[in-house]
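Chains, contacts and geometry: an overview
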Amino acid sequence: MTKTKTKSAAALPLGTILAGDCIEEMRRLPDACVDLIFADPPYNLQLRGELHRPDNSRVDAVDDEWDRFTGFESYDSFTRAWLSEAQRLLKPGGAIWVIGSYHNVFRLGAELQNQGFWILNDVVWRKSNPMPNFRGKRLTNAHETLIWASKSEGSKYTFNYEALKSLNDGVQMRSDWVLPICTGHERLKDGSGSKAHPTQKPEALLHRVLVGTTNPGHVVLDPFFGTGTTGAVAKMLGREWIGIEREAAYREVAEARLARVRKYDRDSLAVSTSKRAEPRVPFGQLVERGLLRPGEVLTSMKGKTAKVRADGTLVAEDVKGSIHQVGAHLEGAPSCNGWTYWSFKRDGKQVPIDLLRQQIRAEMTQG
């Protein structure tokens, strides 16, 4: 159940929308307590007057009080304060995403570097259905920019490369993302039928961010929570979340939204990982467990053979060593992946030894 709190909690307030100013609420949280921060701060649009369509109807643009600053100096001071807290709150292996438009993203990027963050990528979110430029005096503003940065230059960070590749139909994910703006059934409305928030982000955008740069159980903080897109996607994906929002109307909408969200089952939350990220299984473990027996003969695709020894090494012709060393020697090659090179015979068929490794890995990840 979603809760709204106005005071700091003794324990980390997971699954909670903290009511108040983002800087003050961030200061109440302990050091190094979150894995990822997703921040959609005020844009500082500096609008001058109302905006109308060609038919003279008024555009529901961002003209809320929370987006008003006296000037760049005021905005930069605000940015400096909340990013300083963000730096403190991130774990050593944590990272931050900030999103903005041309009005503020360059100032955000500079302050990120001033605070010691290390920029990993800037991502262009190209909107497939952008709002036109009604005045016809500029190009249609069809994109926003996200900056992804680690806590510091040398810090480790979560990056699920294979998962993002899978999301992109098996092709390496690029830094230009074509996604629609929030419309239709996803666009939340208030009691009068108007947009509940002028800059509600699509869940597809947060899905990509969280699948790519967090793991189940990670804690995600959104200091500009709005109507709760970050929390909703985090909850579905099995991530913990904390939101901060000062506007009561947005909190009310977010609470109702989050109450409807259900977490995906465990199997559905699993994502593709790289081979390097999988648990290491020594070949000797196959012998220890009796999956292969000492004296059993392994065969290569080219018909080369080697005999398994009790210590998990192989012997063939005039060479003995690991599955990789023996394979490389037999092929006259500088290296060899023994897991894909060797097979064994079962029921009259040759079976790759890598299938036995995958069997053990599956057991290791069960629980």
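Residues numbered from 1 in each chain as written. Predicted model: local features only at pLDDT ≥ 70, side-chain atom pairs only at ≥ 80, totals over all residues. Heavy atoms only, no water.

So, on to the pattern of salt bridges. Enumeration over the complete set of coordinates arrives at 14 salt bridges. Asp35 serves as the salt-bridge partner of Lys91, at 3.3 Å between the closest nitrogen and oxygen. One end of the pair, Lys91, is in strand 4 (residues 90-100); the other, Asp35, is in strand 3 (residues 34-39), with 56 residues separating them in the sequence. Residue class for Lys91 comes out partly exposed when judged on its relative accessible area of 28%. Between Arg107 and Asp76 there is a salt bridge, and its shortest N-O distance comes to 2.7 Å. Pair noted here: Arg107 is in helix 3 (residues 105-114) and Asp76 is in helix 2 (residues 72-89), with a separation of 31 residues, a long-range link. Here the salt bridges do not stand alone but share partners, grouping Arg27, Asp31, Glu85 and Arg88 into one network. (Salt bridge = Lys/Arg side-chain N within 4 Å of Asp/Glu carboxyl O. Helix = DSSP H or I, 4+ residues; strand = E, 2+ residues; numbered from the N terminus. Buried < 20%, exposed > 50% of the residue type's maximum accessible area, 1.4 Å probe, protein only.)

Right, let's talk about the nonpolar core for a bit. Trp97, Leu146, Trp177, Leu205, Val209 and Leu210 are the most contacted members of the largest nonpolar core, which totals 32 residues. A total of five residues in this core trace back to one element, the largest contributor, which is helix 5 (residues 203-213). Non-local contacts of Leu210, meaning those with residues more than four positions away in its chain, are made with Leu36, Val220, Thr230, Val233, Ala234, Leu237 and Arg239. Counting residues in each nonpolar core, the second largest holds 29 residues, with Cys33, Val98, Ile147 and Ile242 among its members. (Core = buried A, V, L, I, M, F, W, Y, C linked by side-chain atoms within 4.5 Å. Contact = heavy atoms within 4.5 Å.)

Moving on, we get to helix 3. For helix 3, the complete set of buried residues consists of Val105, Leu108, Gly109, Glu111 and Leu112. The secondary structure elements touched by the buried residues of helix 3 are helix 2, strand 4, strand 5 (118-127) and strand 6 (143-150). Just past helix 3, the residue Gly116 takes up positive phi, approximately 95°.

Another point: helix 2. With 18 residues, helix 2 should cover 26 Å at 1.5 Å per step; its first-to-last C-alpha distance of 26 Å lies within 8% of that length. Within the sequence span of helix 2, burial applies to Tyr75, Asp76, Phe78, Thr79, Trp82, Leu83, Glu85, Ala86, Gln87 and Leu89. Residues of helix 2 that are buried in the fold lie against helix 1 (22-27), strand 3, strand 4, helix 3 and strand 8 (219-222). (Expected span 1.5 Å × (residues − 1).)

The next thing to look at is the sheet that holds strand 11 (residues 305-308). Pairing is antiparallel across the open sheet formed by six strands, whose spatial order is 13-12-11-10-14-15. Single-partner strands in this sheet number two, and they are strand 13 (319-321) and strand 15 (349-352). Between one strand axis and the next, the sheet turns through 35° on average, direction left out of account. Bridge count for strand 11 against strand 12 (residues 314-316) is two bridges, and the pairing is antiparallel. Within strand 12, the position partnered with Lys307 by the bridge is Val315. Helix 10 (residues 323-331) rests against strand 11, strand 12, strand 13 and strand 14 (342-346) of the sheet, and its axis sits at about 155° to strand 13. (Pairing = 2+ DSSP bridges. Axes fitted to C-alpha atoms, helices over the stretch in contact; angles between N-to-C directions.)

Among the secondary structure elements, Ala310 is positioned in the loop between strand 11 and strand 12. With relative accessibility at 64%, the residue Ala310 sits in the exposed group. Between the alpha carbons of Ala310 and Gly295 there is a distance of 8.0 Å; along the sequence they are 15 residues apart. Other than its neighbours up to four places away in sequence, Ala310 contacts Val287 and Pro294.

All right, on to the packing of helix 5 against helix 6 (residues 229-236) then. Between helix 5 and helix 6, whose axes approach to 9 Å, the crossing angle comes to 55°. Compared by their axis directions, helix 5 and helix 6 come out oblique. In this structure, the crossing between helix 5 and helix 6 has a hand that is right-handed. Only Thr229, Thr230, Ala232, Val233, Ala234 and Met236 of helix 6 make contact with helix 5, whose side of the interface consists of Glu203, Leu206, His207 and Leu210. Class assignment for the residues of the contact of helix 5 with helix 6 results in six nonpolar, three polar and one charged. (Parallel < 35°, antiparallel > 145°, perpendicular 65-115°, else oblique. Left-handed = near helix turned anticlockwise from the far one by under 90°. Nonpolar A, V, L, I, M, F, W, Y, C, P; charged D, E, K, R; others polar.)

A positive phi angle is found at Asp169, which is not glycine, with a value near 60°. Within the fold, Asp169 resides in the loop between helix 4 (161-167) and strand 7 (176-179). A positive phi angle, near 55°, is found at Asp347, a position not held by glycine. Locating Asp347 in the fold gives a position in the loop between strand 14 and strand 15.

By the element assignment, Ser300 lies in strand 10 (residues 297-300). You can call Ser300 buried: its relative accessible area is 5%. Leaving out residues up to four positions away in the same chain, Ser300 has contacts with Tyr341 and Trp342.

Across the 11 residues that make up strand 4, a large majority, eight, are buried. The sheet contact formed by strand 4 and strand 6 spans six bridges and is antiparallel. Each bridged residue has a counterpart across the sheet, and for Trp97 the counterpart in strand 6 is Trp148.

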